[in-house]
Amino acid sequence: MSDQTLTGQTTRTPAQDMGIPRHHLVIFAALVAFFLVAPLFLYPVFLMKVLCFALFACAFNLLLGYGGLLSFGHAAYFGGAAYVSAHAAKAWGFSPEMSVLLGAGSAALLGLVIGLLAIRRQGIYFAMITLAFAQMVYFFALQAPFTGGEDGIQAVPRNMLFGLFDISSDTAFYFFVLFIAFGGILFIYRIIHSPFGQVLKAIRENEPRARSLGYHVNRYKLAVFVLSATLAGAAGATKALVFQLASLTDVHWSMSGEVVLMALLGGMHTVFGPIVGAAIIVTMQNYFASFGAWVTVLQGTIFVIAVLMFREGIVGVLGKWLKKPM
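Definitions and limits used
- Residues numbered from 1 in each chain as written.
- Predicted model: local features only at pLDDT ≥ 70, side-chain atom pairs only at ≥ 80, totals over all residues.
- Heavy atoms only, no water.
- Helix = DSSP H or I, 4+ residues; strand = E, 2+ residues; numbered from the N terminus.
- Rg over C-alpha atoms; globule rule 2.2 N^0.38 Å.
- Buried < 20%, exposed > 50% of the residue type's maximum accessible area, 1.4 Å probe, protein only.
- Areas by Shrake-Rupley, 256 points an atom, 1.4 Å probe, with all protein chains shown as cover.
- Salt bridge = Lys/Arg side-chain N within 4 Å of Asp/Glu carboxyl O.
- Contact = heavy atoms within 4.5 Å.
- Arc of directions from axis to C-beta.
- Phe/Tyr/Trp six-rings, centres within 6.5 Å; stacked < 30°, edge-to-face > 60°.
- Axes fitted to C-alpha atoms, helices over the stretch in contact; angles between N-to-C directions.
- Left-handed = near helix turned anticlockwise from the far one by under 90°.
- Nonpolar A, V, L, I, M, F, W, Y, C, P; charged D, E, K, R; others polar.

Visitor: Go over the overall build of the protein, please, and point to the residues and values.
Guide: Secondary structure summary: the protein contains 15 helices and two strands in total. Taken over the C-alpha trace, the protein has a radius of gyration of 20 Å; the compact-globule value for 326 residues is 20 Å, and the two agree within 12%. For the protein, the C-alpha atoms occupy an extent of roughly 70 × 50 × 40 Å along the three principal directions. Relative to its full complement of 326 residues, the protein shows a buried share of 48%. A total accessible area of about 16000 Å² is found for the protein, and carbon and sulfur atoms account for 68% of it.

Written as structure tokens, this is what we have:
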């Protein structure tokens, strides 16, 4: 008999010690494996768009699904960072990693300013304040001299990574995007399963009780608001480099609506739901583009069906059937 058997102890893996469920590890491994080989049979630009929106949706879900705060203005951080990143790369010759960092930093600053004002209200008032600020960002992008107005910032260059590596081709740039997207998603996963994340869930479920226990609720709300804005900005900054374009579409209110749809379709309160929701919506937009405006009708129809049949979202219902947290 082994020493562990004699002492009544069982062998635990490092992942189990950190509290990561085994099925989560399997799902993450499967996702990484899929995206590593996907460029062999799928268009890299399409895959990069899925990755960018998956990070965007996960960032939004951190605020809504775990913080309980519904924002209708997340396009401000996504699109604002896209403009900053595109301008930095084109006008100042910044490398891709610096452009993305600058875009994410600008989104963090914008999130801090808006968050300080928005968290003073709750419910629909909070949502309307975020929408109002997002519209201000939209009109700034329309009128500012460096944004290109209705034309946006076009022909954004993909400069040398770290000043050393040429990633101008779609295939080479794909792995840079893959690293950013999965790095951001894993960071969100760590936030959710940290003590900070547990406090967020407590505030979401019963804010008065969390306040009575001594937690500074507004500080936690502001922190998760800024974190969500920063990660949404990283997604937007990366997307601008993927398409070599920053346009008004990125800051339009409909972009805020799309990310809400992604989170709800995939499943709030789940780690993997927003990824699935983003993949479904982006795939529809890509392969149903020939239908023109009917794509919006199809999205609306799928949303209604999902709300009626999958109230917890697709991944939420799947987790319920499997009796495992997703």
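Visitor: Describe the pattern of salt bridges, with residues and values.
Guide: Following the criterion strictly, the structure yields five salt bridges and no others. Here Arg158 and Asp170 are joined by a salt bridge, their closest N and O atoms 2.9 Å apart. Taken together, the residues span a long stretch of sequence, with Arg158 in the loop between β1 (153-154) and α8 (170-192) and Asp170 in helix α8 at a distance of twelve residues. On the accessibility criterion, Asp170 (27% relative accessible area) is partly exposed. Asp250 is paired through a salt bridge with Lys239; the nearest N and O atoms lie 2.9 Å apart. Taken as a pair, Asp250 in the loop between β2 (245-246) and α12 (253-266) and Lys239 in helix α11 (residues 217-243) lie far apart in primary sequence, eleven residues in all. Here Asp250 and Lys239 have matching classes, each one buried. One network of salt bridges, with partners in common, ties together Glu207, Arg211 and Lys221.

Visitor: Hey, could you go over the environment of Tyr77 for me, with residue numbers and the actual values?
Guide: Mapping Tyr77 onto the fold places it in helix α5 (residues 75-91). Classification of Tyr77 as buried rests on a relative accessible area of 1%. Considering only alpha carbons, one finds Tyr77 and Pro39, 38 residues apart in sequence, at a separation of 29 Å. Beyond its immediate chain neighbours, meaning those up to four positions away, Tyr77 contacts Ala107, Leu110, Gly111, Ile114, Phe225, Ala229, Ala232 and Gly233.

Visitor: Break down the environment of Gly236 for me, with residues and values.
Guide: Among the structural elements, Gly236 can be located in helix α11. Owing to a relative accessible area of 0%, Gly236 belongs among the buried residues under this scheme. In this structure the C-alpha to C-alpha distance between Gly236 and Ala76, which are 160 residues apart in sequence, comes to 9.7 Å. Once you skip the residues sitting within four places of it in the chain, Gly236 turns out to touch Phe78 and Ala82.

Visitor: Go over helix α9 (residues 195-205), please, and point to the residues and values.
Guide: Among the residues of α9, those classed as buried are Gly197, Val199, Leu200 and Ile203. Buried positions in α9, seen along its axis, are confined to an arc of 160° and lie on one side of it. Residues Pro195 and Glu205 are exposed on α9 and point more than 90 degrees away from its buried face. Tucked inside the fold, the buried residues of α9 contact α4 (44-66), α8, α10 (207-212) and α11.

Visitor: Kindly report on the packing of aromatic side chains, identifying the contributing residues and their values.
Guide: Per the counting criterion, the structure on display carries 17 aromatic pairs. Geometrically, the ring pair formed by Phe34 and Phe35 is edge-to-face, given 5.1 Å between the ring centres and 80° between the ring planes. On the accessibility criterion, Phe35 (7% relative accessible area) is buried. Ring plane angle 90° and centroid distance 6.0 Å describe the contact between Phe126 and Phe225, whose orientation is recorded as edge-to-face. A residue pair is termed long-range when its members are at least 10 positions apart, and Phe126 in helix α7 (residues 123-143) and Phe225 in helix α11 qualify at 99 residues. By relative accessible area, which is 2% here, Phe126 ends up buried. Taken together, the aromatic side chains of Phe34, Phe35, Phe41 and Phe182 make up a single cluster linked through ring pairs.

Visitor: Run through the packing of helix α6 (residues 96-118) against α8, naming residues and quoting values.
Guide: The interhelical angle for the contact between α6 and α8, taken along N-to-C directions, is 35°, at an axis separation of 12 Å. When the axes of α6 and α8 are compared, the crossing they make is right-handed. Two secondary-structure elements touch here, α6 through Pro96, Glu97 and Val100 and α8 through Phe173, Phe176 and Ile180. For the contact of α6 with α8, a count of residues per class yields five nonpolar, no polar and one charged.

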